[in-house]
Amino acid sequence: MNIILLGAPGAGKGTQAKRLEDSHSLVQLSTGDMLRAAVASGSDLGRQAKAVMDAGKLVADELIIRMISDRIDEPDCKGGFILDGFPRTSPQAEALDKMLTGKGLRLDAVIEMKVDEDALVERITGRYSCVKCGAGYHDKFQIPAKAGVCDRCGGTEFNRRADDNEETVRTRLEAYRGQTAPILPYYRDKGILKTVDGMAAIDEVTRQIEAGLAA
Ligand code: AMP
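Everything numeric here is computed off the predicted structure, so don't read it as measured data.

Put simply, helix H4 (residues 61-72) and helix H5 (residues 90-103) touch, their axes get as near as 10 Å, and they point 30° apart. It follows that H4 is roughly parallel to H5 by the angle criterion. Seen from above, H4 lies across H5 with right-handed handedness. Across the interface between the two elements, Asp61, Ile64, Ile65, Ile68, Ser69 and Ile72 of H4 pack against Pro91, Gln92, Ala95, Met99, Leu100 and Lys103 of H5. Partitioned by chemical class, the residues of the contact of H4 with H5 number eight nonpolar, two polar and two charged.

Here is the structure:
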């Protein structure tokens, strides 16, 4: 099964992707995580992407498309994947279609996680994640059962993203509204778009996604 999680920054795509990885043995392909890894490694791609990411703007389509195409070719993606944060523009959505056709693959579902924008700034500025396994937490809404210890892997190191500050979040939301939301009709027309309530509690969002995938 190959699916897309689509939603504004802070909609909960990463949280739900981690759950789907566990429940359906899929691989989460987060273009944001890949870019952050590239920035941390100091690669050419990382150097090109860093300033754009820090500003909350979108990295050039061609860089992203090449990165994701290479990643899908890796053996661990054979059992299916969850695209998290890609596609984010119409050219990316069209390139993805061509790419999947060329690889003999197809998209099974696109899950739109609908959220109230006013809640996003609080959600995003309070979040952090486990360095070891990437599990996401929040200062108010998702606290580890044991303080300072990851529920998923037992890791004890956590970090916060450089672009999770209020000013950058506003620019990221504008990018979502202007460039990403317009691709929703593209998937609606194909009949594969399922919309879930991203404002619901985490378990309820998971339930709605599972129902959408089973339908
Ligand atoms: P995310 O972790 O998905 O919120 O992405 C963090 C940042 O990485 C974004 O604000 C963009 O600068 C960049 N980025 C991630 N995915 C994409 C994409 N599909 N297209 C363009 N830029 C992206």
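Read on for the rest.
Attention now moves to the site of the ligand. Among the 16 residues in the neighbourhood of the ligand, the closest are listed as Thr31, Lys57, Gly85, Gln92 and Arg161. Within the side chain of Arg88, an N or O atom sits 3.0 Å from an oxygen atom of the ligand. Alone, the ligand offers 480 Å² of accessible surface; in the complex the protein occludes 97% of this. For the shell around the ligand, the element with the highest residue contribution is helix H2 (residues 31-41), accounting for four residues. Grouping the constituent residues of the shell around the ligand by class yields six nonpolar, four polar and six charged.

Turning to the pairing of strand E1 (residues 2-6), a few remarks are in order. Most of E1 is tucked away, with five of its five residues classed as buried. Of the pairings in the sheet, the one linking E1 to strand E3 (residues 81-84) comprises four bridges and is parallel in character. From the neighbouring strand, Ile4 faces E3, where its bridge partner is Leu83. One ladder, built from four bridges, connects E1 with strand E4 (residues 109-114); its direction is parallel. Looking at the pairing, Ile3 lines up with Ala109 of E4.

Attention now moves to the pattern of salt bridges. Under the criterion given, the structure shown has 22 salt bridges. In this structure, Lys114 and Glu112 form a salt bridge, with 3.8 Å as the shortest nitrogen-oxygen distance. Relative accessible area serves as the criterion here: at 6%, Glu112 is assigned to the buried category. Ionic contacts of the salt-bridge type, sharing partners, join the residues Arg127, Arg161, Asp163, Asp164 and Arg172 into one network.

Describing an aromatic ring pair means giving the distance of the ring centres and the angle of the ring planes. Evaluated as defined, the whole model comprises four aromatic pairs. Aromatic side chains Tyr128 and Phe158 sit 5.6 Å apart centroid to centroid with 80° between the ring planes, which places their arrangement in the edge-to-face category. Linking Tyr128 in strand E5 (residues 127-130) with Phe158 in strand E7 (residues 158-159), this pair joins segments that are 30 residues apart in sequence. Looking at Tyr128, the relative accessible area reads 16%, which means it is buried. Seen from their ring centres, Tyr186 and Tyr187 are 5.1 Å apart, and the 80° between their planes marks the pair as edge-to-face. Tyr186 sits in the partly exposed class, given a relative accessible area of 27%. Feature note: the residues Tyr128, Tyr137 and Phe158 constitute an aromatic cluster, connected by ring pairs.

Calculation criteria
Residues numbered from 1 in each chain as written. Predicted model: local features only at pLDDT ≥ 70, side-chain atom pairs only at ≥ 80, totals over all residues. Heavy atoms only, no water. Axes fitted to C-alpha atoms, helices over the stretch in contact; angles between N-to-C directions. Helix = DSSP H or I, 4+ residues; strand = E, 2+ residues; numbered from the N terminus. Parallel < 35°, antiparallel > 145°, perpendicular 65-115°, else oblique. Left-handed = near helix turned anticlockwise from the far one by under 90°. Contact = heavy atoms within 4.5 Å. Nonpolar A, V, L, I, M, F, W, Y, C, P; charged D, E, K, R; others polar. Near = heavy atom within 4 Å. Polar contact = N/O pair within 3.5 Å; in protein donor to acceptor, adjacent residues only side chain to side chain. Areas by Shrake-Rupley, 256 points an atom, 1.4 Å probe, with all protein chains shown as cover. Buried < 20%, exposed > 50% of the residue type's maximum accessible area, 1.4 Å probe, protein only. Pairing = 2+ DSSP bridges. Salt bridge = Lys/Arg side-chain N within 4 Å of Asp/Glu carboxyl O. Phe/Tyr/Trp six-rings, centres within 6.5 Å; stacked < 30°, edge-to-face > 60°.

Such coordinate-based values are descriptive only and should not be taken to indicate function.
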